[in-house]
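Listed here are the chains, written in short residue letters.
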Amino acid sequence: MAKNDSRPNPDELLAQVRAEEEKTGRGKLKIFLGYCAGVGKTYAMLEAARQWKGELDVVVAYVETHGRPETEALLEGLEIVPRRRIEYRGVSLQEMDLDAVLARRPQLALVDELAHTNAPDSRHPKRYQDVEELIEAGIDVYTTLNVQHVESLRDVVMQITRIWMRETVPDSVIDKAAEIELVDLPPDELLKRLKEGKVYVPDETTRAVAGFFREGNLFALRELTMRTAAERVDGQMRGYMQIHGIRGPWPATERLLVCISPSPLGTHLVRTARRLAFQLNAEWFALYVETPDDVRLSPEQRDRLMDTLRLAERLGAKTVTVQGDSIAAVVTEYATENNITKVVVGKPQSRWRKLLGTAVVNQIIRRSEHFDVFVATGKEEPLKLKQDKAPTGQVFANWRGYLRGLLIWIVATLLGHAVHGFFSPANIIMIYLLCVVVTAIFCGFGPSILVCIMSVMAWDFFFVSPHLTFAIDDTQYVFAFITLLLVGVTISYLTTRIRQQTEAAQHRESETATLYALSRHLAAVVGLDSTIRTIISGAKKTFGCDAIIFLPDPQNKEVLKPYAENPDVIIGENEVAAAIWSFRHQKVVGYGTDTLPNAKARYLPLSTARGDVGVMALLVTSAANLFTIQQTRLLEAYADLAAVAIERTQFAEKARSAEILEASEKLETALLNSISHDLRTPLVSVIGVLSSLQENELGLDDEGRRNLIQVAREEADRLNHLIANLLDVTRIEAGAMKVSRGPSDLKDVIGVALEHISSHSSNRPIDVDVSSELPFVSADFALIVQVLVNVLDNALKYSPAGSPVEIGGRQVGQLVEITVADRGVGIAPEELPRIFDKFYRVRRPDNVAGTGLGLAICKGIIEAHGGHIAAENRPGGGTTIRFTLPVAKMIPEERGQKYERE
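Residues numbered from 1 in each chain as written. Predicted model: local features only at pLDDT ≥ 70, side-chain atom pairs only at ≥ 80, totals over all residues. Heavy atoms only, no water.

Asks: Could you give me a rundown of the overall build of the protein, with the residues and numbers involved?
Replies: Counting its secondary structure elements, the protein contains 26 helices and 27 strands. The burial tally for the protein puts 42% of its 902 residues in the buried class. Partitioning the contacts of the protein with sequence separation of at least 6, the portion at a separation of at least 24 is 69%. A total of about 49500 Å² of accessible surface is found on the protein, and carbon and sulfur atoms cover 55% of it. (Helix = DSSP H or I, 4+ residues; strand = E, 2+ residues; numbered from the N terminus. Buried < 20%, exposed > 50% of the residue type's maximum accessible area, 1.4 Å probe, protein only. Contact = heavy atoms within 4.5 Å. Areas by Shrake-Rupley, 256 points an atom, 1.4 Å probe, with all protein chains shown as cover.)

Below is the structure:
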């Protein structure tokens, strides 16, 4: 590209397009920024809102007038949303009613005091989070903010005012503001307003505020406010120049990395990096290197580290956690791979490390070839007002390790005394070195150092001449003492290091094994309920907490249906509401987060690349340090795996539903194809007969009329039989067939069936071979008659005219077996398993009429009686269909036996 080419940067244009797409459907935020209370931010916000009153739907969501008449006058004519009252410790607090504003859905909402902390048990702990939800709902918001409440400027404000601001707003919220309006007032006029009582000052903070409103403080804060607004305007100007291709001095693209640690200076480093990144207009990252030494972190250090990571996220950084043995090596490798140009690190606190050159800062500087290193200094933050006390005896938590180390040292000394007469003092040193190694492995670094020092002293006292004194005759032992001490310390350190690495590897292996076991179990289960039970039971074993899975209702996606394995878990409205909020916004909320932090569970949205699946809630049973960095990472991986498993199960169910639907469509097609001809033929015959009878010109005599009526009767019976079969199949599939079982004589059943079949048997010979001693069967008499009629009709159709049909019956244990055999051509072996399927007809060249429902109905009726039906080919040709029925139970009486009716 030519040097004078002023075409817009395609990457910047693409970024702008993406930014505009992200803003689609979102509201706009305008911040009225001031340097102190009393400069007129609320007044300016209300004046700006009144200008839009006639064109936009404006409501006052929350505005504090503090009793100022001029401010209250601006509220006249504006709709005010009633505030929500919260009772807390006997005090009635008023807060913005977020749900009421969302339900009202104005075009513009006025929200005062963006940095305000909400009352306990509110949905969000901070008001800026309420504002973010309003913006996501498409509502424009006007709000007010003082510069001292900007998160990245907190420590700078403290240096100026000596007051630590506890209510702050993340810089990411300010960066997303569509407009920032500077509200300014000279310090002299502000102090005059303060003396006149026109600036609201709470009674309980009068002295602190009086110190805050010093003229020097106001000048510094005013300049800081102007610089903040100017940086914002400068950023907008640079973006405009880049998009429109305006020539000018273009700075190189910067990417900044801040290295964080459990140190109390971590938050200071993060804020420093945020300011530097903003000044450089650079993308920035917060990196934490997890080393084997992390197993020694105290709960307070872990909490501090998590707070630092969350602060970096709130300030807009991309937080990354990488595992490694060397912090400097990992930082250098990450910076090189991700095109980092500047690295921010903290000043080393240990003087010995600085003198020896082993501090992480020095190592990073030595390795830095392609990036700059910024060393930040600062003081530790003041302690929080509420801080849990350390457990009693925490300092001496490893006293058992020291005691075991002392016992090992005593054993080594006694062993040295036992072999002292056989070995030289130089060989006894090996016993003490072994003692140091064993102590380091089983007791830790501290006890091993103690044992090392005591071993040197014991060797000198007991085994070096002169004995039982620390005096030394031979100066060469001085070198031996020093060497033994150095070697012992080195062995202790290396052994402890190996132990820590082993514990870290075991921990990572445990995480991997947990995820592998879950994936293996999920792959083996079938069905949504089984999958959810596996996920919940796995979460209970892994995290020691009960879990609840919330899935969208198939009928209403806005409603989440909870699934819990433990019956003692109570799922109330608050839990469901929190899950719905997490599902809609796709954010982790609940315990340990900034949204609903007082909740009793942590809610993780379950989502995959294809969409949102549901929410997993992990109930917190105690206030223990549950969500460490390692467990948070494992929990997120667990949630991702659970989401994929649930989605896979849902897809499998959808696939099965699609298969069933496809089979139903095929069944409907087969039904129409099968019965269309059988329905049409009798209807045409009946219509033809009726038409003939209606026409008097044919001159039919009585005999002709009787023949036509007989034909119509037979066709109507045929049509009625077909419809009855269809209804029977429908009742069987729906499970609506009622079976009234009672004792039935098989000979009576055969007799009634032969009467039904006689009309179209064409005088075919039907042989009956049933024993007279055959017991009664437990059956529905009418249904079994229908079965026998259908089987006989099938035998007559598929056997040659004049050939006999045989009916047999015999008792087999507690069953009675009935057989119907013919002398037809038989059935092909591959068709035998399918002849009882619906609408299946055996292929015959003579094209025998039928719908393929008769035998399917027989199978349904027999199975409803608890029997079995099957077909087989007869030796010598033909087919035999046999079915079984249970023998009726008998009740003994005084005069003989009586069958029991079921």
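Read on, since the account is not over.
Asks: Requested: an account of the sheet that holds strand 11 (residues 318-323), with residues and values cited.
Replies: Sheet strands pair via backbone hydrogen bonds, and the direction of the pair is either parallel or antiparallel. Taken in spatial order, the five strands make up an open sheet running 11-10-9-12-13, and their pairing is parallel. For this open sheet the edge positions go to strand 11 and strand 13 (372-376), each flanked by a neighbour on one side alone. Each strand axis lies, on average, 25° off the axis of its neighbour in the sheet, ignoring direction. Sheet topology places strand 10 (residues 283-290) next to strand 11; six bridges connect them, and they run parallel. Along strand 11, the bridge assignment pairs E290 with Q323. (Pairing = 2+ DSSP bridges. Axes fitted to C-alpha atoms, helices over the stretch in contact; angles between N-to-C directions.)

Asks: Please set out the packing of aromatic side chains residue by residue, giving values where relevant.
Replies: Under the counting rule described, the total for this entry stands at two aromatic pairs. Seen from their ring centres, F32 and Y142 are 5.6 Å apart, and the 70° between their planes marks the pair as edge-to-face. Taken together, the positions of F32 in strand 1 (residues 29-34) and Y142 in strand 7 (residues 140-146) put the pair 110 residues apart, joining distant regions of the chain. When its relative accessible area of 10% is taken as the criterion, Y142 is described as buried. Summarising the aromatic geometry, the rings of F285 and Y334 are spaced 6.4 Å apart at their centres and angled 75° between planes, so their arrangement reads as edge-to-face. Residue F285 is located in strand 10, and its partner Y334 is located in helix 13 (residues 327-337); the two are separated by 49 residues in the primary sequence. Residue F285 shares its accessibility class with Y334, and that shared class is buried. The residue whose ring lies beneath K30 is Y142, and the NZ or CZ to ring-centre distance is 5.3 Å. It is R127 that lies over the ring of Y62; its NZ or CZ is 3.9 Å from the centre. (Phe/Tyr/Trp six-rings, centres within 6.5 Å; stacked < 30°, edge-to-face > 60°. Lys NZ or Arg CZ within 6 Å of the ring centre and 35° of its normal.)

Asks: Run through the packing of helix 16 (residues 399-419) against helix 17 (residues 425-443), naming residues and quoting values.
Replies: With their axes 9 Å apart at the nearest point, helix 16 and helix 17 run at an angle of 160° to one another. Considering their axes alone, helix 16 and helix 17 lie roughly antiparallel with respect to each other. In the packing of helix 16 onto helix 17, the handedness of the crossing is right-handed. Across the interface between the two elements, G401, R404, G405, I408, W409, A412, T413, L415, G416 and V419 of helix 16 pack against I428, I431, Y432, C435, V438, T439, F442 and C443 of helix 17. Residue composition of the contact of helix 16 with helix 17, by class: twelve nonpolar, five polar and one charged. (Parallel < 35°, antiparallel > 145°, perpendicular 65-115°, else oblique. Left-handed = near helix turned anticlockwise from the far one by under 90°. Nonpolar A, V, L, I, M, F, W, Y, C, P; charged D, E, K, R; others polar.)

Asks: An account of the sheet that holds strand 25 (residues 879-886) is requested, with residue identities and associated values reported.
Replies: Taking strand neighbours across the sheet as the criterion, the five strands line up as 20-22-23-25-24 in an open arrangement whose pairing is mixed. With partners counted over all chains shown, the strands left at the sheet margins are strand 20 (766-770) and strand 24 (869-873), one partner each. On average, adjacent strands in this sheet sit at an angle of 20° to one another, irrespective of strand direction. As paired elements, strand 20 and strand 22 (residues 805-812) share five bridges and run parallel to each other. Its bridge partner being in strand 22, V768 is matched across the sheet by I807. Contacting strand 24 and strand 25, helix 26 (residues 854-864) runs over the sheet at an angle of about 25° to strand 25.

Asks: Talk me through the environment of D553; I want residue IDs and the actual numbers.
Replies: Relative to the helices and strands, D553 resides in the loop between strand 14 (547-552) and strand 15 (560-564). As for D553 and G614, which are separated by 61 residues in sequence, their C-alpha atoms are 10.0 Å apart.

Asks: Help me get a handle on the confidence of the model for the protein, residues and values and all.
Replies: The pLDDT averaged across the protein works out to 77; a share of 77% of its residues lies at or above 70. This model gives residues 1-6 a pLDDT under 50, and the stretch forms five contacts once residues within four places in sequence are excluded. Ignoring residues within four places in sequence, the model shows residues 352-357, a span with pLDDT below 50, making eight contacts including any to other chains. (pLDDT = per-residue confidence, 0-100.)

Asks: Account for the pattern of salt bridges, with residues named and values stated.
Replies: For the structure on display, the rule yields 26 salt bridges. Close ionic contact of E136 with K587 constitutes a salt bridge, the shortest N to O distance being 3.5 Å. Residue E136 is located in helix 5 (residues 127-136), and its partner K587 is located in the loop between helix 21 (573-585) and strand 16 (589-590); the two are separated by 451 residues in the primary sequence. K587 gets classed as partly exposed once you look at its relative accessible area, which sits at 34%. E817 is paired through a salt bridge with R882; the nearest N and O atoms lie 3.0 Å apart. Of the two residues, E817 sits in strand 23 (residues 815-821) while R882 sits in strand 25, which places them 65 residues apart along the sequence. (Salt bridge = Lys/Arg side-chain N within 4 Å of Asp/Glu carboxyl O.)

Asks: Got a sec to walk through unusual backbone geometry? Specific residues and values, please.
Replies: At R105, a residue that is not glycine, the phi angle is positive and equals roughly 50°. Position of R105 relative to the elements: it lies in the loop between helix 4 (98-104) and strand 6 (108-111). Its identity is not glycine, yet R162 carries a phi of approximately 65°, on the positive side. Among the secondary structure elements, R162 is positioned in the loop between helix 6 (154-161) and helix 7 (171-175). Its relative accessible area of 67% is what places R162 among the exposed residues.

Asks: Quick one: what's the story with the packing of helix 6 against helix 11 (residues 266-280), residue by residue and with numbers?
Replies: If you want to describe how two helices pack, look at the angle between their axes and the distance between the axes. Taken N-terminus to C-terminus, the directions of helix 6 and helix 11 make an angle of 105°; their axes are 9 Å apart at the nearest point. Classed by the angle they form, the pair helix 6 and helix 11 counts as roughly perpendicular. Note on element contacts: helix 11 touches helix 6 through H268, R271 and R275, opposite R154, D155 and V156. Its residues assigned to classes, the contact of helix 6 with helix 11 comprises one nonpolar, one polar and four charged.

Asks: Kindly report on the nonpolar core, identifying the contributing residues and their values.
Replies: Counting residues in hydrophobic clusters, the biggest one holds 61 residues, and the most contacted among them are L110, L134, L145 and L190. Among all residues touching L190, those that are not within four sequence positions of it are Y35, C36, A37, G38, V39, L185, V199, F213 and L218. Residues I757, L792, I818 and F836 belong to the second largest nonpolar core, which totals 39 residues. (Core = buried A, V, L, I, M, F, W, Y, C linked by side-chain atoms within 4.5 Å.)

Asks: Give me helix 13: which residues, what numbers.
Replies: By the burial criterion, the buried members of helix 13 are A328, V330, V331, T332, Y334 and A335. In this structure, the buried residues of helix 13 make contact with strand 9 (255-259), strand 10, strand 11, strand 12 (342-346) and helix 15 (360-367). Just beyond helix 13, the residue with positive phi is N339, at close to 60°.

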